[in-house]
Amino acid sequence: MLYARYPPSSLTRSLGSFDAAESRVYHSGLGIVHRYMLTVQEGIMALSKAEWCRELARLVGIPLMEGEVAEVAERFESLMRELERLTQLDLAHIQPVLVFPEEEA
Amino acid sequence: MTRHEIPWLSAAETAVAIKMKQVSPVEVVQAYLDRIERFDGQLHAYITIMRDAALAAARQAEQTVLRGGDVGPLFGVPMAVKDQFWTRGILTTNGSRVYRDFVPDADATVIARLQQAGTILLGKLNLSELAMGGTQEPPWGIPRNPWDLERTPGESSSGSGVALAAHLCAASVGEDTGGSGRGPASYCSAVGLRPTFTRVSRYGMTPMCWYLDTAAPMTKTVQDCALVLGAIAGYDPRDPFTSRRPVPDYTTRFGRDLRGVRIGLIRELDEDAGMHPEVKQAVHKAVEVLRQQGAEVHEVSIPLVALAGAIFVGVADTEGAGARDDILRTRAAELDRASRTRLQAAALVPAKVYNRALKARVLLRQQFLEALRQVDVLVSATAPAPPPKHTALTAPFVDADDVRSRFFFRRAYTGCYALTALPAISIPCGFTTDNLPIGLQLGAGPFAEELLLGVAHAYEQATPWHTRRAPGIEG
């Protein structure tokens, strides 16, 4: 739902059907929302790595400098690739904490 | 004692010499100021030198000594701190142009406690921008490693490492988010301690990462490290996370052998294929020294250490981007390019991924505590290789694989203790054939700094590494 709440942008414009899609999202129920999101994802896939990164940055409110988008994209891709390694862990029953309670070793 | 001899003393020795009236605090401060003037133009350890304030404080300390006043084990010792700690009325840059005009109206708790201990602040030390790493164009000059000027002194408490190696201060306090204190200590042949998270107040220490940052005593000797920790540790109502545990005398285990102490070499780090052979050899020799001191030596397995670099960056960089959100939104252009692109990339990490890293952190802690039920102290190298050249750190990344090899790999060694909130210390354990320092890292259970410092002290006293001087700084 994240992308559907945002106004037209380079991402959604690249799909060429934002208004129609938006209309479907708000008027046709969850099935349509699901199809819409798939369409958005296909749109993302169609974007270059740099364009994808620029759009994500726009959505989180972080302006990128022209000339550095590719570098940010490389760093982001590397970060996500590295963090993908954590999916191999069984973390289902672990509750995350920010500060560990005091205890002895 | 001549003025030229003073800077070669440890902090503890300096305090004793002052107490015994062998030297005056004014002579001591002047001796360090002379060396700073002579060498810092090349080394770039300092951002701010507090010449007048330091001399004024030294004259006051001199009067206290002459009156026979109460002086403690750090009284009159000239210290310098990473420019990440707030100092009332004194510029605090955090190594960034963003803070080039920031003058705090309060002292960090660490600064206040160092003053209460009678130390004298010589100045504020250089660091990587915002206590991160990889700054390409440091605004206050590239800090140079006295052991080889073409090589990095480590990050991010780089100025602390340089100042200790070049004897431009008697002791320092840096900061350690994932190795920022222990790394420079290792690269500069100094001592660097990451205390248990919550042991030292973070009030007035500009945050890099809310739940990983700690103040880090950085010193010439293990004894100095114990004294500095004793001075700055303890509960602080202005940092609600600080522990209410009493602060012990961290030197109580000094002078004992290591009989009954169980040492565990971390297998996953020791078998790291990327480790420099001379580093591995130095660590193994150090373990043998510990065994000769009476320690039982074991090998322990902490499987998740292999992923500690990824977990660390997933937590630290993401939180770092959160802590710098205002800068990223409005003042990103003032940041160094490397800092900017690193934080921007981290700002894009989905919450689910960050959450997964937080969970993995808990699992890592469980594995560390399990290992620490088998042994008392964990051992590894502090860094897998000796200090690299500046150019190797600051060159732009070529592709994602380049980022991985240069950015993630080395963070597992020190980042694992940050993630698990456990204390760890780096001490000198040798030199490569190129005369580059090698650091030995010891880790222990929560609040086990007394034990950690005791083992480190026993090793230090049995080896000569802390007495070697960097070339070209004899003065």
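Residues numbered from 1 in each chain as written. Chains lettered and ligands numbered in written order. Predicted model: local features only at pLDDT ≥ 70, side-chain atom pairs only at ≥ 80, totals over all residues.

1. Some words on the overall build of chain A
We count it as follows: The helix count covers DSSP runs of H or I at least four residues long, the strand count covers runs of E at least two residues long, and both are numbered beginning at the N terminus. Whether a residue is buried, exposed or partly exposed follows from its count of other C-beta atoms within 10 Å of its own C-beta, namely 20 or more, 12 or fewer, or something in between, respectively; the C-beta atoms are built from the backbone. The contact criterion used here is simple: two residues whose C-beta atoms, placed from the backbone, lie within 7 Å are in contact.
Tallying secondary structure elements over chain A gives five helices and zero strands in all. The secondary structure elements of chain A, listed N-terminal to C-terminal, are α-α-α-α-α. Buried residues in chain A amount to 22% of all 105 residues. In chain A, the proportion of contacts linking residues at least 24 apart, taken out of those at least 6 apart, comes to 42%.

2. So, the pairing of strand β7 (residues 262–266) of chain B
All names here are of chain B. Under the convention used in this document: For two strands to be treated as a pair, DSSP must find at least two bridges joining them.
Most of β7 sits inside the fold, with four of its five residues counted as buried. Here five bridges tie β7 to strand β8 (residues 296–300), and the two strands are oriented parallel to one another. Residue pairing across strands places Leu265 opposite Glu299, the latter belonging to β8. For β7 and strand β9 (residues 377–381), the ladder comprises three bridges, and the chain directions are parallel. Paired with Leu265 across the two strands is Val379, which belongs to β9.

3. Side note on helix α3 (residues 51–66) of chain B
Residues and elements named next belong to chain B. Quick reminder of the rule: What a helix is expected to span follows from its residue count: subtract one and scale by 1.5 Å. Working note: the arc is built from the helix axis to C-beta atom directions.
With 16 residues, α3 should cover 22 Å at 1.5 Å per step; its first-to-last C-alpha distance of 22 Å lies within 8% of that length. Those residues of α3 not exposed but buried are Ala54, Ala57, Ala58 and Ala61. Looking straight down α3, one finds that the buried residues subtend no more than 105 degrees of arc, so they occupy a single side. Seen from the buried face of α3, the exposed residues on the opposite side, beyond 90 degrees, are Asp52, Gln63 and Leu66. Buried residues in α3 make contact with α2 (25–43), β2 (78–82) and β3 (120–125). Note on α3: the residue one or two positions beyond its end, Gly68, has a positive phi of about 75 degrees.

4. Some details on unusual backbone geometry
Residues and elements named next belong to chain B. In this structure, the amide linkage connecting Glu155 to the following residue, Ser156, adopts the cis form with an omega of 5 degrees. Within the secondary structure, Ser156 sits in the loop between β3 and α5 (158–165). We note that His44 has phi near 60 degrees; this positive angle belongs to a residue other than glycine. With a phi angle near 60 degrees, Ser189 is a residue other than glycine that sits in the positive phi range. If you trace the backbone, Ser189 turns up in the loop between α6 (182–188) and β5 (191–194). The class of Ser189 is buried, set by 29 C-beta atoms lying within 10 Å.

5. A short note on the environment of Ala333 of chain B
Within the fold, Ala333 of chain B resides in the loop between α11 (325–330) and α12 (337–347). Linking Ala333 of chain B and Asp434 of chain B, residues 101 residues apart in sequence, is a C-alpha distance of 40 Å.

6. Structural notes on the interface of chain A and chain B
Convention followed: Under the convention adopted here, Pro, Cys and the residues Ala, Val, Leu, Ile, Met, Phe, Trp and Tyr are nonpolar, Asp, Glu, Lys and Arg are charged, and Gly plus all remaining residues are polar.
Listed per partner, the contact involves 35 residues of chain A and 44 residues of chain B. The biggest single contributor to the side of chain A that touches chain B is helix α5 (residues 69–84) of chain A, with eleven residues. Its residues assigned to classes, the side of chain A that touches chain B comprises 22 nonpolar, two polar and eleven charged.

7. Notes on the sheet that holds strand β10 (residues 424–431) of chain B
All names here are of chain B. Selection criterion: A fitted line through C-alpha atoms serves as each axis, taken over the contacting stretch for helices, and the angle formed by two N-to-C directions is quoted from 0 to 180°.
Reading across from one edge, β1-β3-β2-β4-β6-β5-β10-β11-β9-β7-β8 is the order of the eleven strands in this open sheet, with mixed pairing throughout. Strands with a single pairing partner mark the edges of an open sheet, and in this sheet they are β1 (46–49) and β8. Neighbour-to-neighbour, the strand axes of the sheet open up by a mean angle of 30 degrees, direction not taken into account. Lying over the sheet, helix α9 (residues 277–292) contacts β7, β8, β9, β10 and β11 (437–444), oriented at roughly 110 degrees with respect to β10.

8. Overview of the nonpolar core
Note the threshold: Buried Ala, Val, Leu, Ile, Met, Phe, Trp, Tyr and Cys residues whose C-beta atoms connect them within 7 Å together make up a nonpolar core.
Ranked by internal contacts, the top residues of the largest apolar core, which has 172 residues, are Met79 and Val377 of chain B. Contacts of Met79 of chain B, omitting those with residues within four sequence positions, involve Leu114, Thr119, Ile120, Leu121, Leu122, Cys169, Ala170, Ala171 and Ser172 of chain B.

9. Some thoughts on the confidence of the model for chain B
Formally: A residue's pLDDT is the confidence the predictor assigns to it, expressed on a 0 to 100 scale.
The pLDDT averaged across chain B works out to 95; a share of 97% of its residues lies at or above 70. Scoring of the predicted complex yields 0.91 for pTM and 0.88 for ipTM.

10. Things to note about the packing of α2 of chain B against α3 of chain B
Two packed helices can be described by the angle between their axes and the distance between those axes. Residues and elements named next belong to chain B. Rules: Convention used here: angles under 35 degrees read as roughly parallel, angles over 145 as roughly antiparallel, angles from 65 to 115 as roughly perpendicular, and any remaining angle as oblique.
Where α2 meets α3, the axes come as close as 7 Å, and the angle between the chain directions of the two elements is 155 degrees. Classified by the angle between their axes, α2 and α3 sit roughly antiparallel to one another. Residue-level inspection shows Pro25, Val26, Val29 and Leu33 of α2 in contact with α3, the latter providing Arg51, Ala54, Leu55, Ala58, Arg59, Ala61, Glu62 and Val65. Residue composition of the contact of α2 with α3, grouped by class: nine nonpolar, no polar and three charged.

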